[in-house]
Structure formats: structure tokens, C-alpha cells
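Notes for the structure review
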Amino acid sequence: LFAIFAFATCGGYSGGLRLSVDCANKSESDFNIDIAFAYPFRLHEVNFDVPTCEGKRREKLSLIGDFSSSAEFFVTIAVFAFLYSLAATVVYIFFQNKYRENNRGPLIDFIVTVVFSFLWLVSSSAWAKGLSDVKIATDPDEVLLLMSACKQQSNKCLPVRSPVMSSLNTSVVFGYLNFILWAGNIWFVFKETGWHSSGQRYPPDTMEKQPSSYNQGGYNQDSYGPAGGYNQPGSYGQVGEYGQSQSYGQSGPTSFANQI
């Protein structure tokens, strides 16, 4: 979706400006000089006629600059990013087993993601510079300087309408948003590769053989002895009400009465 917004706002742009030339001789004036331009911004091919204010003669002029390289580069990256995203989505959903086979799919996906992240950064920066130049080349005040009639003080040249560049500004914003999106996705694609799993460190085996005696935490063999009343097999002892040991064992009730 971000790629669609990027190439749609740039590749579908068309705009224009309007100028007014008021000659000293009113009959030679032209108050509606429309200059239209569009993607891919080969402005040197945009021609327009303006009055010279010297009789009925008119001169043919053109805008200055060719900014098609940066604009077409930006749109091309956006289109290919959209196509790859669409293809990757189909693979993720319907060919998950093939994607993970031999770890080849995640590695290819990781490399392509890194490349697209770099290309998004480069193309967005190049188009941002190109857009700045387009704004200067299509500034009505700059275009008026190209007219010979506007160099005479007796004539009045005024800008009537400036081009609207909001969609082009939006395309640059979406370009950098795509860079952030693809760069952030590098980590998630990296986790799918074998490089991530092989780099993990597993804890040592905790099932090692322990010593037969436990001397920590207050647990040792001395706790089972005469004080505890557990001295002989079949005999269970406990401390009585008067602090003496009471034994319940093989000696029977008689031994119990003697203890009391």
C-alpha cells in the first residue's frame, strides 16, 4: 500500500501555472498564458508562446531543466517494490513449506529486503532534490524572467496561478516512509534465516550428575539421627509434650508405657 501511494502521487501528477503580460499597447497584452507540465518532468520540452509587446509578434519559450531521471527512478523502485511485496505475500500464504526449504527462501528474502531498503533511501533522496529543482524551474517569478517583454519597465508581468505541488510533497513523504518500513522489516526477515538461529547461545546442560549428599539449605544426613527419633528401621520417633522422645516401633505398647 505504501508503494502504491508513492508511485501514484508522483507518476500521476499533472499541473500548471498561469502568467499575465500587460503590454503598454493593450491590444498586444495576454492575460492568460497557461503552461502545463506533468510527470516525468522533462521541462525543457514544455513550450509556450508569449507576446513580445512589439507588434503582433510572439516568441516561443520553454521551461528549463530535465528532472525525469530522479522521478522515473523513484517511480520504478516503487513499482518493483509493490510487485515484490505482492509476490512475497502469495509465497508466505500459499507456499510456506517451499519458502522454508533449505533456508533458501528466507535468505533471498533477507537480501532483497536489504537492497530495497537501500534503494528506497537513495531514490527518495534523489527525488526530494529533483522536486526542489522542479519547484524552482516552475516558479512563476522565475518563468517571467525568461520573457523579453518583462524586461521592459513599460510592460507589467504578473503571476496569476502557481502550480500545486502537494501531491509531489506527499510522494516524497511516502518514499521515506517506505524506507523506514523496509529497513524495519530487515530484522523480522533476518529472524527467519538460519543465521539468527545459529547465532543463539543455548544454556549448558543442567542435568549433570549431582553428589549423593546435600549439605546446603539446611539439609544433611545428620538431621536423621537420634535427635529426630529415626534410628532403626520400623521405628518412628517424635518429641513428646515433656521434651522426651516418644517411639512407635516394634517394641509395642509396653515400651510406649515405659517411655511415659
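Refer to the structure presented above.
Residues numbered from 1 in each chain as written. Predicted model: local features only at pLDDT ≥ 70, side-chain atom pairs only at ≥ 80, totals over all residues. Heavy atoms only, no water.

A few words on the sheet that holds strand S1 (residues 14-22). Backbone hydrogen bonds are what pair the strands of a sheet, in a parallel or an antiparallel way. Taken together, the three strands give an open sheet; going across it, the order is S2-S1-S5, and neighbouring strands pair in antiparallel fashion. In this open sheet, the two edge strands, each paired with only one partner strand, are strand S2 (30-38) and strand S5 (156-161). Strand-to-strand twist across the sheet, computed as the mean angle between neighbouring axes with direction ignored, equals 25°. The pairing of S1 with S2 spans seven bridges and is classified as antiparallel. Bridge pairing in S2 links Ser 14 to Ala 38. (Pairing = 2+ DSSP bridges. Helix = DSSP H or I, 4+ residues; strand = E, 2+ residues; numbered from the N terminus. Axes fitted to C-alpha atoms, helices over the stretch in contact; angles between N-to-C directions.)

Moving on to the state of the cysteines. In total, this model carries two disulfides according to the counting rule given. The residue that forms a disulfide with Cys 23 is Cys 53, at a sulfur-sulfur distance of 1.8 Å. The disulfide joining Cys 23 to Cys 53 has a torsion of about -70° about its S-S bond and is therefore left-handed. Of this pair, Cys 23 sits in the loop between S1 and S2 while Cys 53 sits in the loop between strand S3 (47-51) and strand S4 (58-62), placing them 30 residues apart in sequence. On the basis of relative accessible area, Cys 53 is assigned to the buried category, the value being 13%. (Disulfide = S-S within 2.5 Å. Buried < 20%, exposed > 50% of the residue type's maximum accessible area, 1.4 Å probe, protein only.)

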